[in-house]
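# Analysis of the macromolecular model
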Amino acid sequence: MRNAITFVHAILRDTVKAGDVVIDATVGNGHDTQLLAELVQQHGLVYGFDVQQEAIDAARSLLGGSSERLRLICSGHETIATAIYPAHRGRVKAVTFNLGYLPGGDKTITTNAETTLPAIEQAIGVLTADGIITIVCYQHSEGLREINAVRNMLQQMPQPQFSCLETNFVNQRGNPAVVFIVYLRHQQTDLP
Ligand SMILES: C[S@@+](CC[C@H](N)C(=O)[O-])C[C@H]1O[C@@H](n2cnc3c(N)ncnc32)[C@H](O)[C@@H]1O
């Protein structure tokens, strides 16, 4: 639990099983995609979305050996609902968002609240009954706006169907990332 990424990876390791269908909503350099491909093993499927061909290419070369379990899509995550196979809607175990810009790339190409919120909504729509969404947000200027928008959205989610968590690394120097986790509670509607 050293930082936001190791925290999210621990949650994904705990949740994603062999044969699952999962989504990396922000492929970037492909490190999260790589973890997901390892977890779903050869009979699972990882969808990966990024708006930059550079990111898709980087991930493809990192993950060359696992190409049979990957579907990398050069398109915004706000197209998740229509871009995945109809048979996978309602079957996705986890969707992971690592927001912001491509490390070492063009900082002006960054995720933003206008597309992140519809993407989270679509991610919720494709999840299986015990699915989860993880969202890592960074505190750069657009990121702060995005954190507030995501927090505001998740605070409105109905408690019988969703558990929404926010985690902060309160003693980390600099501008530590904020992590949001959304758990579906569809099978537990009797809970308050
Ligand atoms: C912080 S990086 C992701 C890091 C990555 N998960 C990794 O493991 O290396 C954020 C990525 O989001 C991408 N991005 C920006 N807007 C997007 C959108 N609307 N849909 C999908 N990806 C987007 C950027 O191109 C960038 O590659």
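How each quantity is defined
Residues numbered from 1 in each chain as written. Predicted model: local features only at pLDDT ≥ 70, side-chain atom pairs only at ≥ 80, totals over all residues. Core = buried A, V, L, I, M, F, W, Y, C linked by C-beta atoms within 7 Å. Buried ≥ 20, exposed ≤ 12 C-beta atoms within 10 Å, placed from the backbone. Helix = DSSP H or I, 4+ residues; strand = E, 2+ residues; numbered from the N terminus. Contact = placed C-beta atoms within 7 Å. pLDDT = per-residue confidence, 0-100. Near = placed C-beta within 6 Å. Nonpolar A, V, L, I, M, F, W, Y, C, P; charged D, E, K, R; others polar. Pairing = 2+ DSSP bridges. Axes fitted to C-alpha atoms, helices over the stretch in contact; angles between N-to-C directions.

The next thing to look at is the nonpolar core. Among the nonpolar cores identified, the biggest contains 49 residues, and Val22, Leu36, Val95, Ala123, Ile135, Val136 and Cys137 are the most heavily contacted of them. If you tally residues by element for this core, the top one is strand S5 (residues 127–137), at six residues. What Cys137 contacts, discounting residues up to four positions off in sequence, is Leu99, Gly143, Glu146, Ile147, Val150, Ala177 and Val178.

Averaged over all residues, the pLDDT of the protein chain equals 94, while 96% of them reach at least 70. Scored below 50 in pLDDT, residues 188–192 makes three contacts in the model with residues more than four places away or belonging to other chains.

Turning our eyes to something else, we now look at the environment of Cys74. Along the polypeptide, Cys74 turns up in strand S3 (residues 70–74). Judged by C-beta crowding, with 15 C-beta atoms within 10 Å, Cys74 ranks as partly exposed. Between the C-alpha atoms of Cys74 and Met157, which are 83 residues apart in sequence, the distance is 30 Å.

Before going further, it helps to examine the site of the ligand. Neighbouring the ligand are 23 residues; Thr26, Gly28, Asn29, His31 and Gly76 lie closest to it. Of all the secondary-structure elements, those providing two or more residues to the shell around the ligand are helix H2 (31–40) and strand S2 (45–50). Classifying every residue of the shell around the ligand by side-chain character gives seven nonpolar, 13 polar and three charged.

This part takes up the sheet that holds S5. Read from one edge of the open sheet, seven strands run S3-S2-S1-S4-S5-S7-S6, paired in mixed fashion. Each edge of the open sheet is held by one strand with a lone partner, namely S3 and strand S6 (162–168). Taking the axes of each pair of neighbouring strands and ignoring which way they run, one obtains an average angle of 15° across the sheet. Strands strand S1 (21–24), strand S4 (92–98) and S5 of the sheet are contacted by helix H5 (residues 113–126), whose axis makes an angle of about 155° with S5. Where helix H6 (residues 141–155) meets the sheet, its contacts fall on S5, S6 and strand S7 (178–184), and the angle it forms with S5 comes to roughly 150°.

Phi is mostly negative for residues that are not glycine, and the peptide bonds are mostly trans. Although it is not a glycine, Gln41 adopts a positive phi angle of roughly 55°. Inspection of the secondary structure assignment puts Gln41 in the loop between H2 and S2. Taking the number of C-beta atoms within 10 Å as the measure of exposure, Gln41 has 14 and is therefore partly exposed.

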